[in-house]
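Chain by chain, the residues run as shown.
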Amino acid sequence: MGPFRLVGAPKARRAEQIDRVARELEACDAVIVGAGAGLSTSAGLTYTGERFHRWFGDFIEKYGFADMYSSGFYPFNTFEEHWAYWSRYIYCNRYDLVPARVYTDLLNLVRGRDYFVLTTNVDHQFQLAGFDKQRLFYTQGDYGLWQCSEPCHKKTYDNGATVRAMLEAQGYVPGPDGRLTLPSGTRPRMEVPSELVPHCPACGKPMSMNLRADATFVEDEGWHAAAARWNDFQRRHRGMRVLYLELGVGWNTPGIIKLPFWQATSGNERATYVCINQGEAVAPAQIERQAVLIDGDIGAVLSQVKILLV
């Protein structure tokens, strides 16, 4: 696209913008959803505040942690304490139910349409909400997977059963719905049993999270299969009326979703670029005519679009 000048969401005509999103959804040949952290934040997966204190109050008291994300990098003295922290982190962000209906509302908007989801999120909320896993590409990993920290081989391992066992060892108990909660008045243990600490089944080294943090990130067979499906989806819809629906994508990794969406829209006059983001709804002036920019809460906007399509 060359150098670009950014334009922001119009301060007026909010209702018109939402109506245009609904019309584009009805008319498009395909929907490509690009999802960033802002989508999960809108759904209630916050890493600070009440939710952080509810799950990690003891760690906050002991270490003065400020937020869930940065605390994950703390150099704990033992693997037993490290995995006490990380098992709670994984469970509340990957296996527990999200508080809001944002993901299910999005599913209802794309259901029955030809869609694909490209996301930098690692919380697996799309599959938990019922999206077709064959139409998802988690580019940056998955909280639900472990890998060898070395890594000595290109394979990942589901961690769900072990994570639940770790939480139960800390004092969390399953309720009637299967969700793990801490009984009232109970202080959780801040270590897990040594036998639950995960080690690589091939080399015996400690396991780590399958998250793209450095060059050790494992792109396993599932990752490559999803990448191939994503490339094939783009190829099959080239030149068609495609709606690029960008939700909550920031500037940490713009080269994965934001910049490719802008470039694809610029190269296809039949495409529409929709950006819904709190405080960051922008697009290059070159595609302003094809862009719908809405500065607002994603969940609230999707709910309004859904009402228009009923």
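Throughout what follows, the structure given in this document is the object of discussion. In this text, all values refer to a predicted model and were calculated from it rather than measured experimentally.

**Considerations on the overall build of the protein chain**
Next, step 1: Check the secondary structure of the protein chain and you find 11 helices and 13 strands.
Next, step 2: Against the compact-globule benchmark of 19 Å for 310 residues, the protein chain has a radius of gyration of 21 Å, which places it among compact chains.
Next, step 3: Overall, the protein chain is about 60 × 40 × 35 Å in size when its C-alpha atoms are taken along their principal axes.
Next, step 4: Buried residues in the protein chain amount to 49% of all 310 residues.

**Quick notes on the sheet that holds strand β4 (residues 136-138)**
Next, step 1: Strand order in this open sheet of 6 strands is β4-β3-β2-β10-β11-β13, and the pairing throughout is parallel. Pairing within the sheet leaves two strands with one partner each, and these edge strands are β4 and β13 (291-294). Looking at each pair of strands side by side, their axes are set apart by 10° on average, direction ignored.
Next, step 2: Pairing of strand β2 (residues 30-35) with strand β3 (residues 115-119) involves 5 bridges; the strand directions are parallel. Following the sheet pairing, Gly34 is matched in β3 by Leu118.
Next, step 3: Sheet strands in contact with helix α6 (residues 102-110) are β2, β3 and β10 (242-247), and its direction is about 160° off that of β2.
Next, step 4: Across the sheet, helix α10 (residues 258-266) touches β2, β3, β10 and β11 (272-276), and the angle it forms with β10 is around 155°.

Parameters and conventions
- Residues numbered from 1 in each chain as written.
- Predicted model: local features only at pLDDT ≥ 70, side-chain atom pairs only at ≥ 80, totals over all residues.
- Heavy atoms only, no water.
- Helix = DSSP H or I, 4+ residues; strand = E, 2+ residues; numbered from the N terminus.
- Rg over C-alpha atoms; globule rule 2.2 N^0.38 Å.
- Buried < 20%, exposed > 50% of the residue type's maximum accessible area, 1.4 Å probe, protein only.
- Pairing = 2+ DSSP bridges.
- Axes fitted to C-alpha atoms, helices over the stretch in contact; angles between N-to-C directions.
- Contact = heavy atoms within 4.5 Å.

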